[in-house]
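# Working through the structure, step by step
One letter stands for each residue in the lines below.
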Amino acid sequence: MEALLCRKLGDPTTQPDSSENTALTVSTSHPIPKLTSPTSIRVRIKSTSLNYANYLQVLGKYQEKFALPFVPGSDYSGVVESIGPKVTKFKVGDPVCSFAGVGSFAQFIVAEEKDLFGVPDGCDLVAAGALPVAYGTSHVALVHRANLKSGQVLLVLGAAGGVGLAAVQIGKVCGAIVIAVARGNEKVEFLKSMGVDHVVDLSKGGVIESVKSFLKTKKLKGVDVVYDPVGGKLMKESMKLLNWGAQILVIGFASGEVPVIPANIALVKNWTIHGLYWGSYKMHHPSVLEDSLKELLSWLARGLITIYISHSYKLQEASLAFSDIKDRKVIGKVMITFDDPKSIASKL
């Protein structure tokens, strides 16, 4: 089968096989994975999502390390191609989505029946491949951890990226007042079109003045929940906007700088700080992920959330996709597809 291999740690934005020293190589004869148990299922992948974590995986800077060579990747969607003799929930041809630690940048992947989710009728199958990690992260963070309530003020940093845009939409579904932070007119206008209550354009000024002005016009005291996949200076400034009893969701550090959250201020202001490593729930509390993804697929089918895909690439173009992630050109999600993305629907 065709697969993207990380043969050495390095820059994934370099075109695969452009030299013998590139981190990535495209294999056209990688072994098709075999079923590993009576309840395992082989899926023919239709689309797989690029996340910032995948970029870090290839660089060797992710919190989990993988033995070389490995096939990168995480969330994906596709069609059941083969099933073990004890599989009861799915049949060949069923549309499914899921996530894995690695391995989705390939034409086939094997997963346990319990780890797969059926894609409801009417859901675009490519879009479903973008759902688990970005939307799963934001849903668990906002709904499960922060218990976001209607009328609360939610501040989303990095709001035009994959997890950020997911947080914006989930915040609106929960009835929150959503303030989005992004950079550049294109991203700002897109966020406005998503129904965000207020957008901060960092290319035109800082976050504090803009948010305080909005809060004043709405007669609001401050921010109740901050969703932070960025870190660095932006998070440091955002702490000045938080209410007493606010919640801080630590999602990631796209800025490259881990912020310092002063414990003495957290004590005085009764802040709750949530560290969220979404992937670890699969080991420690898998039922949370299962319930979360089921609700998200229901929301997707009902049109409560939409998944915006800014670019789709073929496997051979993976370096371009990684460049989009690195250069922050992505609004929403960027995908690798194994078929014409326009022709893929959940009914096959």
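Residues numbered from 1 in each chain as written. Predicted model: local features only at pLDDT ≥ 70, side-chain atom pairs only at ≥ 80, totals over all residues. Heavy atoms only, no water.

The name given to the protein in an unreviewed UniProt entry is Enoyl reductase (ER) domain-containing protein, with Lactuca virosa as the source organism.

## Observations concerning the packing of aromatic side chains
Enumeration according to the criterion identifies six aromatic pairs in this entry. On the basis of an interplanar angle of 40° and a centroid distance of 5.7 Å, the ring pair of Tyr52 and Tyr55 is categorised as tilted. A residue pair is termed a helical-turn pair when its members lie 3 or 4 positions apart in one helix, as Tyr52 and Tyr55 do in helix 1 (residues 52-59) at three residues. The partly exposed category is assigned to Tyr52, whose relative accessible area is 34%. (Phe/Tyr/Trp six-rings, centres within 6.5 Å; stacked < 30°, edge-to-face > 60°. Helix = DSSP H or I, 4+ residues; strand = E, 2+ residues; numbered from the N terminus. Buried < 20%, exposed > 50% of the residue type's maximum accessible area, 1.4 Å probe, protein only.)

## Observations regarding the environment of Asp324
Looking at where Asp324 falls in the secondary structure, it is placed in helix 11 (residues 318-326). For Asp324, a relative accessible area of 7% corresponds to the buried category. Sequence separation between Asp324 and Ile32 is 292 residues; the distance between their C-alpha atoms is 29 Å. Among all residues touching Asp324, those that are not within four sequence positions of it are His311, Tyr313, Lys329, Val330 and Val334. (Contact = heavy atoms within 4.5 Å.)

## Thoughts on the packing of helix 3 (residues 132-145) against helix 4 (residues 162-173)
Running from amino to carboxyl end, helix 3 crosses helix 4 at an angle of 50°, the nearest separation of the two axes being 8 Å. As summarised for this structure, helix 3 and helix 4 are arranged oblique, according to the angle between their axes. Remark: the crossing between helix 3 and helix 4 carries right-handed chirality. Where helix 3 abuts helix 4, its residues Ala134, Tyr135, Thr137, Ser138, His139, Leu142 and Val143 lie against Gly162, Val163, Ala166, Ala167, Gln169, Ile170 and Gly171. Among the residues forming the contact of helix 3 with helix 4, the class breakdown is eight nonpolar, six polar and no charged. (Axes fitted to C-alpha atoms, helices over the stretch in contact; angles between N-to-C directions. Parallel < 35°, antiparallel > 145°, perpendicular 65-115°, else oblique. Left-handed = near helix turned anticlockwise from the far one by under 90°. Nonpolar A, V, L, I, M, F, W, Y, C, P; charged D, E, K, R; others polar.)

## What to know about the UniProt feature "domain: Enoyl reductase (ER)" (unreviewed entry) in the protein
When the UniProt feature table is mapped to this numbering, "domain: Enoyl reductase (ER)" (unreviewed entry) covers residues 17-336. As a span, residues 17-336 carries 32% helix and 24% strand, and end to end its C-alpha atoms are 18 Å apart. (UniProt positions renumbered as here; feature names shortened; annotations may be inferred.)

## Quick notes on the state of the cysteines
Enumeration over the complete set of coordinates arrives at zero disulfides. Here Cys97 stays free of any disulfide, with the sulfur of Cys123 as its closest cysteine sulfur at 8.7 Å. Relative accessible area serves as the criterion here: at 2%, Cys97 is assigned to the buried category. With no disulfide of its own, Cys174 lies closest to Cys123 among cysteine sulfurs, the gap being 19 Å. (Disulfide = S-S within 2.5 Å.)

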